[in-house]
Amino acid sequence: MAAPDKEVRAPRARMTGAERRHQLIDIARSLFAERGYEGTSIEEIAQRANVSKPVVYEHFGGKEGLYAVVVDREMSALLDRITSSLTKMTNNRSRLRIERVALALLTYVDERTDGFRILIRDSPASITSGSTYSTLLNEAVNQVSSILAGDFSRRGLDAEMAPLYAQALVGSVSMTAQWWLDVREPKKEVVAAHLVNLCWNGLMHLEKDPPLLDD
């Protein structure tokens, strides 16, 4: 009796260089979000990708290079969402601009959770180049400060206090986004609406020279 033919398996298609690079970035992104930079090793990244360590070094030069690429991609994704939310506006009302930016940040948190976890972690001391979440927030503070300074001047308020208010506004949105990262309640649209309610209505009723209250 003739032996049954062995099943012939088609050879597994090899990844192109671009496909392999994308795979390594996705794996590293997940590990960096879960364990942080120090808790992630090139060995585990290579193991999950089913490649040797030299393949990872060939693409990124090491863990620092791979981490920098992951962070840059996440920064670009976040900035694209914020920029897009503003450029699609049909009017330029200040309150609507604040709403769109807050919702864009919360949408990024919702859809790219791993990426946001990476951005809000402290960057390794050995990595000093490239953009970070802190640099993004600083840029946001500068832009908001410039807008508020003009508004304060028109209303007879002290324009020199604008940077303080800008820090408070940007910080409140950023910290709320970090809180919402884990709780996910209420819906992001509701969170954005309440953030703007606090920011906008607070700005509309500023006192010219606010005192601290006595006991």
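Predicted, not measured: the structure shown is a model, and the values here were computed from it.

Some points on the overall build of the protein chain
In terms of regular secondary structure, the protein chain is built from nine helices and zero strands. Beginning at the N terminus, the succession of helices and strands in the protein chain can be written as α-α-α-α-α-α-α-α-α. The proportion of buried residues among the 215 residues of the protein chain is 34%. Here the analysis covers contacts within the protein chain between residues at least 6 apart in sequence; of these, 66% occur between residues at least 24 apart.

What about the layout of surface pockets?
Counted as a void, the largest pocket has a volume near 960 Å³. If you go around the largest pocket, you meet 31 residues; those closest to its centre are Ile98, Val101, Ala140, Val144 and Ile147. At 11 residues, helix H7 (residues 133-154) tops the list of elements feeding residues into the lining of the largest pocket.

A word on the UniProt feature "DNA-binding region" (unreviewed entry) in the protein chain
Residues given the UniProt feature "DNA-binding region" (unreviewed entry) here are residues 41-60. The annotated region residues 41-60 carries 80% helix and 0% strand content, and the separation between its end C-alpha atoms amounts to 14 Å.

Considerations on the side chain of Lys188
Looking at the element boundaries, Lys188 is found in helix H9 (residues 188-204). Apart from residues no more than four positions distant in its own chain, Lys188 is found in contact with Leu103, Leu106, Thr107, Asp110, Glu111 and Trp180.

Cut-offs applied
- Residues numbered from 1 in each chain as written.
- Predicted model: local features only at pLDDT ≥ 70, side-chain atom pairs only at ≥ 80, totals over all residues.
- Heavy atoms only, no water.
- Helix = DSSP H or I, 4+ residues; strand = E, 2+ residues; numbered from the N terminus.
- Buried < 20%, exposed > 50% of the residue type's maximum accessible area, 1.4 Å probe, protein only.
- Contact = heavy atoms within 4.5 Å.
- 1 Å grid on protein atoms, 1.4 Å probe; cavity = no way out; pocket = protein on both sides within 12 Å on 5 of 7 lines; lining within 4 Å.
- Points joined across faces, edges and corners; volume = space filled by probe spheres on them.
- UniProt positions renumbered as here; feature names shortened; annotations may be inferred.

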